[in-house]
Structure formats: structure tokens, C-alpha cells
Number of protein chains: 2
Amino acid sequence: MLSRDLEGFYCRTPLADPERFLLLHYDFETVVDPEEAAAHLCQEQSTAQWKRPGKEEDYRVKHGAKVVAQVHGQVPTAAFSVLKEKHPVSTACSVTVAHPHVNFGARIPNMLTAICGEGVFFSPGIAAIKLMDITFPENYLRCFEGPRFGIEGFRDLIDVHDRPILFGIPKPNLGLSPEDFSALAAEAWRGGLDVAKDDEMLADSPWSLLTERLRLLKKARIDCQRATGEKKLYLVNITDEVDRILELLDVVEREGEGNAVMLNTMTMGLSAIRMLRKNARMPIAGHFAGTAPSVGVTNFGIHSKVIVKLQRILGCDIVIFPGFGGRMKTADAEVMENIAECVKPLGHIPPALPVPAGSNWAGSLGELYAKLKSADFGIVPGRAVFDHPLGARGGARGLRQGWEAAASGVALAKYAEDHRELALSIEAEKTVG
Amino acid sequence: MLSRDLEGFYCRTPLADPERFLLLHYDFETVVDPEEAAAHLCQEQSTAQWKRPGKEEDYRVKHGAKVVAQVHGQVPTAAFSVLKEKHPVSTACSVTVAHPHVNFGARIPNMLTAICGEGVFFSPGIAAIKLMDITFPENYLRCFEGPRFGIEGFRDLIDVHDRPILFGIPKPNLGLSPEDFSALAAEAWRGGLDVAKDDEMLADSPWSLLTERLRLLKKARIDCQRATGEKKLYLVNITDEVDRILELLDVVEREGEGNAVMLNTMTMGLSAIRMLRKNARMPIAGHFAGTAPSVGVTNFGIHSKVIVKLQRILGCDIVIFPGFGGRMKTADAEVMENIAECVKPLGHIPPALPVPAGSNWAGSLGELYAKLKSADFGIVPGRAVFDHPLGARGGARGLRQGWEAAASGVALAKYAEDHRELALSIEAEKTVG
């Protein structure tokens with residue numbers, strides 16, 4: 001039986017005004033009574049001390065977070081918990097907390113402070129906790145614009161409607177002169193690549209100034225568009241100190257049509273995506289560099305789909321996250337959830353293009369198509385295009401052939417019999433694989 | 001024996017030009033040969049593919065990260081690794097990587113992309129990895145200004161030179177009107193508090209506009225300074241969307257002397273601290289809300305001292321981080337390391353005031369003084385001041401008495417015998433404790 005104090009952080013009947021609340025879904029392990037732990041979780045993430053001494057008042061009414069659902073069972077205490085020695089067994093709980101958004105407003109850093117700040121991660125008796133998901137009410141969601149283009153708008157821009165989008169990262173990712181970088185991008189565009197993309201490590205660097213890359217890639221892009229009859233795009237990494245982003249955006253926008261911009265989201269902070277969305281007239285991509293430390297553990301931190309969902313809500317047209325395969329250390333189910341976060345209905349927010357990245361090659365297209373049962377995705381190979389034995393043009397051709405095989409339902413090896421670039425891609429993949 | 005390819009990511013002799021490199025200290029677990037894993041770690045975080053096919057070139061020379069030191073031994077594979085089922089036993093390694101800073105420059109988001117981005121957390125064969133520390137060369141460090149005030153400058157501002165700094169957070173943290181908030185701050189200032197501080201959850205909110213709080217606290221502060229003969233300060237949380245920070249800073253600066261500003265660092269991104277430092281003429285505090293997801297696990301993510309060190313380098317005069325005691329779930333040794341990161345010699349960068357936070361009360365002063373063997377720290381109680389049976393004035397008096405006891409070497413209980421506020425603080429702590 002909870003104390004009256006703690007009972008005040010429970011709502012045992014349906015919420016009378018659900019529009020007032022974000023629903024926060026946490027999994028946690030506790031070494032105390034799980035109902036008590038969940039009440040503390042709500043108290044600590046909202047009002048903490050909820051009245052002044054000697055006053056008749058209760059700030060929980062307007063500002064208190066409330067437990068609205070809870071299930072639990074016993075498990076071994078997580079390996080990393082400092083409480084493990086004292087408490088080898090704990091109780092695992094899944095809890096839904098209704099947190100009133102008046103506490104932080106439609107502001108991302110303030111929201112994060114509430115939903116994954118001190119109150120959550122230092123709540124008494126909780127050994128380990130993970131923020132699994134957020135459900136937003138319509139009125140809160142309406143404060144955010146979402147992607148300007150979304151999947152449809154982005155497809156319109158590059159005039160590709162019936163197949164996955166082929167991004168590619170010129171390699172080596174560090175040290176290439178703008179001339180060499182541009183020459184590689186041009187080769188890949190000629191071979192069939194849609195989007196030449198800066199590596200997340202490449203930025204506005206002394207050996208490769210952004211203005212130089214833009215100038216050269218514009219010329220190359222126009223040439224390739226003329227030669228191939230296809231639209232081409234350059235996705236520019238403008239990750240930099242946060243007070244330089246809008247200046248770099250201006251530089252990219254001066255180049256006009258045919259560009260998109262990328263931020264390494266979590267190295268900058270999610271709020272930078274929103275700032276960019278307010279100012280950019282071109283597509284925005286969010287890259288997962290810097291996300292892993294918060295999302296890479298099973299029962300602690302933040303679920304990666306929360307980060308994907310927030311990027312979409314804040315304005316990313318393209319969300320790049322770890323995809324399938326051992327190298328990306330992400331369970332298949334988690335990759336599928338992240339893909340779903342990009343495309344599932346979310347109020348007025350359009351879908352964002354999911355790009356499950358990492359070791360992508362020609363064969364990834366068929367595999368992803370089979371798993372997703374949709375062509376609404378992108379791949380972002382590096383080596384598979386730019387270390388292809390026939391060079392970047394051959395590598396990109398191999399990608400297109402990989403898709404042709406998938407789309408026509410022919411086995412990759414069979415299709416490769418009379419498609420040399422694909423055959424060489426398959427060979428190369430075997431030696432890396 | 002490593003392949004020639006991988007051997008290129010080792011430097012087996014002392015670095016010829018150490019000023020070119022950040023030294024990155026990682027602990028990792030691997031299921032492959034540890035020398036091979038460390039080479040991959042360097043390759044993935046720097047050049048990845050380091051030459052174009054068919055060209056005689058080697059981008060590793062200028063851009064490659066290099067293993068410069070390594071030790072290892074066998075351990076059980078970490079519980080959270082998706083590789084655990086296949087590989088129950090792995091090798092634990094501590095490795096020092098020399099990463100050339102030309103790859104990212106003196107830019108924090110780009111640096112983070114390299115040192116804790118995709119290349120690090122998705123390096124082949126590495127089951128789990130944690131960035132433990134960074135050693136900066138002088139020439140790189142000189143690109144950063146560090147705190148404008150530091151401990152000495154901050155002490156000068158509030159004219160407190162011989163004891164710890166007493167911060168306090170008016171509670172309830174959410175919902176108080178600016179009038180009520182200001183009245184509580186004034187009471188605490190009268191009782192002996194140095195700095196009234198916004199809770200990390202409080203910001204520029206509809207029920208408590210920043211302009212209103214500033215106006216009322218300015219008046220209260222001047223009154224209290226006159227009445228007590230002591231300098232008082234208001235630490236304002238300006239955490240908000242990143243493109244609103246400088247506007248809020250302007251609002252705070254218009255109020256002039258007697259204010260300092262706070263950001264919830266990791267909810268905004270470290271780069272926001274640097275932006276603030278460039279523009280603020282008042283002290284800056286960094287709060288740990290949002291840090292736990294990246295730093296809360298023993299063998300994965302980022303060590304908390306890296307975040308503390310970066311906040312100091314980027315310009316925090318005050319760094320607030322989880323302190324001692326079970327509630328803060330941080331090992332004592334880690335708290336001590338974070339305190340050391342604030343104050344130890346670091347080129348031209350002045351020391352920042354360490355504030356080991358969480359459940360601070362009058363008794364924390366003596367405990368911290370004993371552990372730190374220095375009075376160069378702050379405490380940041382909430383409840384202990386603002387839920388004191390005699391109100392905030394009594395709570396703050398209790399703090400001062402707690403310090404008097406510690407400074408004069410008298411046991412707390414003994415000193416409380418003829419200091420009523422302290423006696424009541426001790427009582428209250430027992431019922432909470």
C-alpha cells in the first residue's frame with residue numbers, strides 16, 4: 001500500500017484530459033517495491049517536493065507526472081548497476097507515465113530534461129532505466145513542422161518514384177581534394193547513383209573547403225544530369241559548431257537547386273535539427289554519428305526509435321541509422337522499429353525516408369526490399385561503390401543492376417551472369433564479407 | 001601478425017609530431033584478435049578506405065588514426081552485447097589512439113563524430129567500447145577559451161574566498177509563481193545562501209516568465225545584499241531551443257550584475273556551451289541533465305569525466321555533476337575523477353568550480369571537505385533548504401552552521417547542540433535519509 005504522498009503520482013482512472021500529457025514508456029529495474037519506484041520516477045521527473053512547508057497547496061495537480069499503466073516481474077539485476085552487489089535480484093517493470101507538457105513546452109532540450117534527465121536516471125530505488133517510446137498528443141505534435149519534403153517531396157525532387165534511393169559516399173572519406181572528390185561523385189552519378197553524400201567525418205575542412213566542393217559538384221552535377229537524363233543531388237554535411245550552421249546553410253543555399261544538407265544529429269543536439277528546419281528550403285538528413293552511446297545498451301538509456309522519431313518530428317526528410325548485419329550491432333527487430341518510426345502515421349507529420357546504413361552494397365537492395373515489402377528506403381554504400389574494381393561508375397552500375405534483379409524477382413547470382421558490374425560487386429563482397 | 005593494411009594503423013615508435021594528435025583512451029571488448037580490433041578501430045574512426053582503387057596513394061599518412069599503446073586480457077563478454085550469444089568470452093583491451101586533429105579541427109560536433117561516432121561504436125569485432133579520456137595537445141587546447149571567471153573569478157564576484165559556495169534551488173521546482181519563487185530565494189539569501197539557482201526543469205515558462213523572475217529577483221537580491229552585507233547571485237537556467245539561447249542571454253544580461261546562466265549541457269549539445277561562452281559576460285554553469293544515458297554504464301559509452309572536461313574547456317565556470325551517495329548511482333572514485341577534471345592543471349584553461357550534486361544538505365559540506373581536502377567546491381541543495389521546518393531562511397542558516405562545524409573541526413551533532421537550525425536539518429535528514 002502506497003503512502004498518500006506517493007499515491008498522488010498515480011492516476012488509476014483514464015486521463016480526463018489526455019491532450020495535456022506526453023505518454024512516456026519506460027522499462028526499468030528496481031530493488032524496492034515497483035509501485036513505489038514508479039511513483040518516485042514520476043515525482044522526480046516532475047515536481048519533486050510538491051508543496052512548501054506550512055502551506056496548503058498541491059503542485060501535483062497541474063505539474064505532476066502520473067503512472068497510468070504498469071506491469072512487472074523478477075529478473076537478475078543488470079550487470080552494470082552499482083546496486084548489483086547489494087541487490088542481485090530486482091523487479092523488471094514496464095511503466096507508462098503521463099507527463100504534463102506544460103512543464104517544458106514544445107521545446108526539445110527542456111522536454112529531454114524532463115523525460116531523460118536527472119529525475120529519470122537518478123530516481124530512488126531504480127537500478128537501471130530505459131526510455132522506450134513517447135506517444136505525443138495531437139496538440140503537442142502540431143507545434144512541430146516535420147519534414148518539409150518527406151518521402152514524396154524528396155522523390156519529386158530527384159524524380160525517382162519506383163525504386164529505393166541510391167546514396168553513395170565518395171571514399172577515402174578524409175583527405176580527398178575537392179577536385180578528386182568531385183571526380184568520384186561524377187563517376188558514380190554517371191553509373192546511376194542518385195545522391196552523392198559527404199561522409200559524416202567530412203565537413204568544411206581546410207583540405208576540402210565547402211565552397212570548393214559545392215562549386216565543383218554543381219558543375220559535375222549539371223553535366224551528369226545532361227548526360228544521363230536523370231536528376232542528381234549532393235547531400236552536404238554541414239555539421240559544425242552550432243552557431244555556424246546557418247552560415248553554412250546560406251553557403252549551400254547560394255548554390256541553389258540540387259543540394260541537400262546533413263547534420264550529425266546527436267553530436268550537435270536535436271535542437272539544431274529544428275533550427276535548420278526553420279531556415280532550410282532544401283531537404284535535411286540526420287545522421288546517427290554520436291547516437292550509439294545513449295542507445296547501444298539493451299536495458300539502459302534511450303531506445304533508438306525515440307531518436308529516430310524525434311528527428312522526423314523536428315524536420316528530417318531523411319533519417320540515417322544503423323541497419324541490418326552483424327557490423328551494425330543492432331538487433332533486426334530494432335532496425336525494423338526504426339524503419340517503422342520513419343514511415344508510420346504520425347498526425348500531420350509526413351514520412352521521412354529511412355536509410356538503414358552500414359556495409360550497404362548491391363545485394364542490400366533486394367534484402368531490404370524483401371524485409372520492408374516497400375521500395376521507400378535508401379541505401380548509403382561507400383566502399384561498395386568507390387572501391388569497386390571498375391571504379392565508381394562500375395560500382396554504381398552494380399547497384400542499379402542489384403535493384404533490377406530484386407525488382408524483377410531474379411536471383412542476384414543469376415542476374416549477375418550477364419551483368420559484369422554486379423558480378424564484380426558480388427565477388428568484392430565475398431572478400432570483404 | 002597483422003596484415004600490412006592493418007599494420008598501417010599502428011605507430012610502434014614514439015610519435016614524431018605529438019602536437020598533431022589527440023590521444024584517445026578507450027576500453028573495449030573484442031571477440032577477434034585484439035591487435036586487429038584496435039587497428040580496425042583506428043581505420044574506422046579515420047580514413048576507412050584509405051586509397052582509391054588503382055592509385056598509388058596512402059591517406060593514412062596525414063589522416064590515419066594510429067594505435068600507440070595497448071594492454072589486454074580475457075573477460076566475460078558484456079551482458080548487453082548482441083555478440084554475447086556467439087562469443088561468451090572476449091578480450092578486454094585498453095588502448096590509446098593518436099587521432100590527427102586535422103580530421104575535424106577545433107570544432108566539437110566534428111570532434112565528437114570522430115571520437116565517439118560511427119567509426120568507434122560500429123568498429124568490426126568490437127563488442128563494447130567506452131571512451132575513457134582524451135589528452136589534448138597544447139596547440140589544440142589553445143583554440144578554446146575555457147571559463148571566463150573560473151573558480152577565482154567566480155569567488156571574486158560573490159566575495160566568498162574561504163569556504164564552499166552555497167547554491168540552493170527554490171522548491172517546488174515547477175509551478176511556483178515568480179513572486180513565490182522570489183520570496184523563497186530572498187529567505188534563503190537572508191539565511192546565508194550565496195546563489196539562488198533555477199532547477200534544471202525550470203526555464204522560461206508561461207507560469208514563470210524569465211523576465212518576471214529576473215525583475216523580482218533583482219529587487220530581492222539588492223535588498224538581501226543590503227541587509228546581509230554579502231554578495232548574492234542568481235543562476236538562471238536559459239536552457240531552450242538552441243536558436244533562442246542568445247536571445248535569453250541578452251534578457252539576462254540586461255538585468256546586469258548579479259546573474260549567472262546555466263545550460264542543461266547534453267540536452268542542448270556541447271557546442272551550445274561554446275556559443276554561450278563566446279557571447280556571455282557572466283559566469284556559465286553546465287548541468288548534467290541528459291548526460292546519464294551516455295555515461296551511466298560501466299563498459300560502454302563515454303566516461304563522465306570526458307563530458308566534465310569538455311564543459312570546462314568550452315567555458316563552464318561551474319560544472320554540476322552527480323555527487324556522492326547511493327541516490328546518484330555513481331561510484332565514489334568516478335565522482336572524485338570528475339572533481340579532479342574541474343581543477344587539475346589543463347594548459348591555459350582555468351579551473352572550474354566542481355558541484356557534486358544530489359541530496360546535498362548541511363552535512364554534505366563536512367563530508368565533501370574531508371574527501372576533497374579543499375573548500376573549492378559548491379553544493380546545490382533543494383529540499384534541505386526549502387523544506388526545512390523553519391523555512392528557507394532556517395534551511396540556509398543550517399547550511400552555514402554545517403560549514404562552521406566542518407571548518408572548526410567540531411562534530412556536526414556537537415555543533416548542533418547550540419545551533420537550532422542545524423539540529424533541525426539533522427533531524428529532517430534522518431527522516432528522509
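Below, the structure is looked at part by part. (Residues numbered from 1 in each chain as written. Chains lettered and ligands numbered in written order. Predicted model: local features only at pLDDT ≥ 70, side-chain atom pairs only at ≥ 80, totals over all residues. Heavy atoms only, no water.)

Next up on the list: the overall build of chain A. A count of helices and strands for chain A gives 20 helices and 13 strands. Scaling as 2.2 N^0.38, a compact globule of 433 residues should have a C-alpha radius of gyration of about 22 Å, and chain A matches this with 24 Å. Counting only C-alpha atoms, chain A reaches 80 × 45 × 35 Å along its principal axes. Sequence separation of at least 24 residues holds for 75% of the intrachain contacts in chain A that already meet a minimum separation of 6. Of the roughly 15,300 Å² that chain A leaves accessible, carbon and sulfur atoms contribute 53%. Averaging the positions of the 49 positive and the 55 negative side-chain charges in chain A gives two centres separated by 2 Å. (Helix = DSSP H or I, 4+ residues; strand = E, 2+ residues; numbered from the N terminus. Rg over C-alpha atoms; globule rule 2.2 N^0.38 Å. Contact = heavy atoms within 4.5 Å. Areas by Shrake-Rupley, 256 points an atom, 1.4 Å probe, with all protein chains shown as cover. Lys, Arg positive; Asp, Glu negative; His and termini not counted. Charge placed at Lys NZ, Arg CZ, Asp CG, Glu CD.)

This structure, assessed with the given rule, holds 71 salt bridges over all chains. Linking Lys218(A) and Glu255(A) is a salt bridge whose minimum nitrogen-to-oxygen distance equals 3.9 Å. Residue Lys218(A) is located in helix 9 (residues 210–228), and its partner Glu255(A) is located in the loop between helix 10 (245–254) and strand 8 (259–264); the two are separated by 37 residues in the primary sequence. A salt bridge links Arg163(B) to Asp194(B), with the nearest nitrogen and oxygen atoms 2.8 Å apart. Note that Arg163(B) is positioned in the loop between helix 7 (150–158) and strand 5 (165–168) and Asp194(B) in the loop between helix 8 (178–191) and strand 6 (195–197), a separation of 31 residues in sequence. Just as Arg163(B) is buried, Asp194(B) falls in that class too. Look at the salt bridges and you will find they share partners, linking Asp133(A), Lys305(A), Lys309(A), Glu337(A), Glu341(A) and Lys344(A) into a network. (Salt bridge = Lys/Arg side-chain N within 4 Å of Asp/Glu carboxyl O. Buried < 20%, exposed > 50% of the residue type's maximum accessible area, 1.4 Å probe, protein only.)

With that out of the way, let us pick up the packing of helix 16 (residues 362–372) of chain A against helix 18 (residues 391–408) of chain A. Residue and element names in this part refer to chain A. Closest axis-to-axis distance for the helix 16/helix 18 pair is 7 Å, and the angle between their directions is 30 degrees. By the angle class used here, helix 16 and helix 18 are roughly parallel. Handedness of the helix 16/helix 18 crossing: right-handed. Contact residues: helix 16 offers Ala362, Leu365, Gly366 and Tyr369, while helix 18 offers Gly398, Leu399, Gly402, Trp403 and Ala406. Within the contact of helix 16 with helix 18, the residues separate by chemical class into 6 nonpolar, 3 polar and no charged. (Axes fitted to C-alpha atoms, helices over the stretch in contact; angles between N-to-C directions. Parallel < 35°, antiparallel > 145°, perpendicular 65-115°, else oblique. Left-handed = near helix turned anticlockwise from the far one by under 90°. Nonpolar A, V, L, I, M, F, W, Y, C, P; charged D, E, K, R; others polar.)

Let's shift gears to the packing of helix 12 (residues 270–279) of chain A against helix 14 (residues 304–314) of chain A. Residue and element names in this part refer to chain A. The interhelical angle for the contact between helix 12 and helix 14, taken along N-to-C directions, is 20 degrees, at an axis separation of 9 Å. On the basis of the axis angle, helix 12 is roughly parallel to helix 14. Helix 14 is crossed by helix 12, and the crossing has right-handed handedness. Each of Leu270, Ile273, Arg274 and Arg277 in helix 12 lies in contact with helix 14, whose residues at this interface are Leu310, Gln311 and Leu314. The class makeup of the residues in the contact of helix 12 with helix 14 is 4 nonpolar, 1 polar and 2 charged.

Our next topic: the interface of chain A and chain B. Listed by partner, the interface residues are 86 residues for chain A and 86 residues for chain B. A combined buried area of about 7,300 Å² lies between chain A and chain B, and 58% of that area is made up of carbon and sulfur atoms. At the junction of chain A and chain B, the tally comes to 12 salt bridges. Where Asp180(B) meets Arg52(A), a salt bridge forms, and the shortest distance between an N and an O atom there is 3.4 Å. (Buried area = accessible area lost by both parts, 1.4 Å probe.)

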